[in-house]
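# Architecture at a glance
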Amino acid sequence: MTHHDHAEQGDEPTTSASGKLSVSLREPAELAEALPYLLGFYPDDSLVVVALHGERGRFGGRLRIGIPDTEGGRAALAPLVAECLDASCKARGARPDGALVFLCQEPGEGHSGRDVMERLRPLVQDLRLACGERDMPVYEALCLSEGRWYSYCCPSQRCCPPEGVPLARTGTSVMAVAAAYAGMPMHGSLREMEQRLIPLGSPFADEQKRTLDAASLRLTPRMLKDDDRERVRTETLALLGHLMQRFQRCTPSVATWTSEDAHDDGLLGHDECAAAILGLQDRDTRDQAAEWMEGVDSAPAVRLWRALARRCTGPYRIYSAPLLTLAGWVAWAGGDVPTARVALGLALRTDPDYLFAQLLHQACNEGLDPGEVRRCLRGERPGLREGREGGEPDPPADATS
């Protein structure tokens, strides 16, 4: 494999006999432009490693992780990343024959993209050594910063000059065309995707916190008593059913994600949000809400869980773990893997011990069928159907039981 032979040959997207779309990427510029399409979003402040398979460099598993702030943290990262990429690919049946490395980070004030590239060079060297020890050489390593890409591997100043090369912004690259043809969703940047899931600021947050305080004093004692816990569960599920129907009816007719989120925030009252957030801290309530998603349109469901997660303000931020996990679960079940990974990853950053998020995050990253996970979840709750027949509220409109 030569320096630029990173994928199967050919300049245009082609469709194989199996119906799968094949895209060829030969140059570092094409790899840099392809990165957001490989993940479904642009990975701010991230290290991304992509496995290569076979003589012609077929893309395989991908890992994304935040870049540590300290030199020591970056030095410890390389062997862990190499081990994880190797193990995850072997778990899917094929060990990597090589790897691509991308580092995406913007410069701080007074610094340039070239400064970022040089600061991260030791991390790249460590990664090349760690991957080489596992017989998966790094064929290309690129730094993307300040609208330019820089190659750590190419010695030619003609194609990879030390001052970097501007990233194409036209959306006409071979990968962009292939993504549009295949209907692959693009979600902007990782930072934008996470912004849609984090708590709102003032003045919304102040009133929501006061309402959560009052609701907590009212609901928490009831949730600690067996008889009252069942009634709170019934009330919460009924409320969620009404909210889901509201989000199904009220579709935002806006072009930007900020406008869409503002529209959705306006659909919810503080009291409704507080009751739903607190009620979903109960595991059985959360599991029944997750099962409702089997037949429902995933888009309004993701919007609802996202909007509720944004209401987990101040000391209630940890309460967003169930909402973020539900958002990730619905997105994954609906085929939107990038949104699922971001939501589940943020749930684990919010509460690293949240088991439901841990299980779904691992299953999603391993490429399991969400239908298999759904059957496992059902198997853990054999009494669910009987419980519904005994008087629990029906799922929202358009959902199947």
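Quantities reported herein were computed from a predicted structural model and do not represent experimental measurements.

To continue, consider the pairing of strand E4 (residues 58-66). By the bridge criterion, seven bridges tie strand E3 (residues 46-53) to E4 in an arrangement that is antiparallel. Across the sheet, Leu47 pairs through a bridge with Ile65, a residue of E4. Linkage of E3 to E4, two consecutive antiparallel strands, is achieved through a turn of four residues, within which Gly54 is found at a positive phi near 80°.

Relative to strand E7 (residues 148-151), strand E6 (residues 138-145) runs antiparallel, the two sharing four bridges. Bridge pairing in E7 links Leu144 to Trp149. As defined by bridge partners, E7 adjoins strand E8 (residues 165-166) across two bridges and the pair is classed as antiparallel. When the sheet's bridge partners are listed, Arg148 is paired in E8 with Pro166.

Before going further, it helps to spend a moment on the nonpolar core. Core analysis: the largest hydrophobic core is formed by 79 residues, its most contacted members being Phe102, Leu144, Trp305 and Leu308. If one sorts the elements of this core by residue count, helix H13 (residues 320-333) sits on top with nine residues. Once residues within four sequence positions are removed from consideration, Leu308 is found in contact with Leu240, Leu268, Cys273, Ala276, Ile277 and Leu323. By size, the runner-up hydrophobic cluster in this structure holds 28 residues, among which are Leu103, Met117, Leu127 and Tyr150.

Tracing the chain through its elements places Gly334 in the loop between H13 and helix H14 (337-350). Once the C-alpha coordinates of Gly334 and Pro370 are considered, the two residues, 36 residues apart in sequence, prove to be 9.0 Å apart.

Moving on, we come to the pattern of salt bridges. This model, assessed by the stated rule, comprises 25 salt bridges. The residue Asp228 makes a salt bridge to Arg231 at a minimum N-O spacing of 2.4 Å. Note that Asp228 and Arg231 are positioned in helix H8 (residues 226-249) at a spacing of three residues, about one turn of the helix. Asp228 sits in the buried class, given a relative accessible area of 16%. For Arg231, a relative accessible area of 45% puts it in the partly exposed group. Across the salt bridge formed by Arg310 and Asp265, the nearest N and O atoms sit 2.9 Å from each other.

This paragraph deals with the confidence of the model for the protein chain. Taken residue by residue, the protein chain gives an average pLDDT of 83. The fraction at 70 or more is 82%. Taken element by element, the predicted model of the protein chain shows its lowest mean pLDDT in helix H17 (residues 384-389) (38) and its highest in helix H10 (residues 270-279) (97). Note on residues 1-19: pLDDT is under 50 here. Beyond four places in sequence and across chains, it has 57 contacts. Taken together, the stretch residues 382-401 has pLDDT below 50 and engages in 35 contacts with residues farther than four places along the chain or on a different chain.

Moving on: the sheet that holds E6. Taken in spatial order, the six strands line up as E4-E3-E5-E6-E7-E8 in an open sheet, and their pairing is mixed. In this open sheet, the two edge strands, each paired with only one partner strand, are E4 and E8. Where E3 and strand E5 (residues 98-104) come together, seven bridges link them in antiparallel fashion. Its bridge partner lying in E5, Leu52 is registered against Gly98. Running over the sheet, helix H1 (residues 28-39) touches E3, E4, E5, E6 and E7 and is turned about 75° from E6. Along the sheet, helix H4 (residues 121-133) contacts E3, E5 and E6; its crossing angle with E6, the most-contacted strand, is approximately 155°.

Take the packing of aromatic side chains next. Enumeration over the complete set of coordinates arrives at two aromatic pairs. On the basis of an interplanar angle of 85° and a centroid distance of 5.4 Å, the ring pair of Tyr316 and Tyr319 is categorised as edge-to-face. Relative accessible area serves as the criterion here: at 8%, Tyr316 is assigned to the buried category. Relative accessible area serves as the criterion here: at 25%, Tyr319 is assigned to the partly exposed category. With 5.9 Å between their ring centres and 70° between their planes, Trp329 and Trp332 make a pair best called edge-to-face. With Trp329 and Trp332 both in helix H13 and three residues apart, this pair spans about one turn of that helix. Each member of the pair, Trp329 as well as Trp332, carries the same accessibility label: buried.

Now for the packing of helix H12 (residues 298-310) against H13. Packing of H12 against H13 brings their axes to within 8 Å, and their N-to-C directions diverge by 165°. The angle between the axes of H12 and H13 places the two elements in the roughly antiparallel class. The element H12 and its partner H13 pack so that their crossing is left-handed. Every residue of H13 that contacts H12 at Ser298, Ala301, Val302, Trp305, Leu308 and Ala309 is listed here: Ser320, Leu323, Leu324, Leu326, Ala327, Val330 and Ala331. Of the residues belonging to the contact of H12 with H13, the class tally is eleven nonpolar, two polar and no charged.

Criteria and cut-off values
Residues numbered from 1 in each chain as written. Predicted model: local features only at pLDDT ≥ 70, side-chain atom pairs only at ≥ 80, totals over all residues. Heavy atoms only, no water. Pairing = 2+ DSSP bridges. Helix = DSSP H or I, 4+ residues; strand = E, 2+ residues; numbered from the N terminus. Core = buried A, V, L, I, M, F, W, Y, C linked by side-chain atoms within 4.5 Å. Buried < 20%, exposed > 50% of the residue type's maximum accessible area, 1.4 Å probe, protein only. Contact = heavy atoms within 4.5 Å. Salt bridge = Lys/Arg side-chain N within 4 Å of Asp/Glu carboxyl O. pLDDT = per-residue confidence, 0-100. Axes fitted to C-alpha atoms, helices over the stretch in contact; angles between N-to-C directions. Phe/Tyr/Trp six-rings, centres within 6.5 Å; stacked < 30°, edge-to-face > 60°. Parallel < 35°, antiparallel > 145°, perpendicular 65-115°, else oblique. Left-handed = near helix turned anticlockwise from the far one by under 90°. Nonpolar A, V, L, I, M, F, W, Y, C, P; charged D, E, K, R; others polar.

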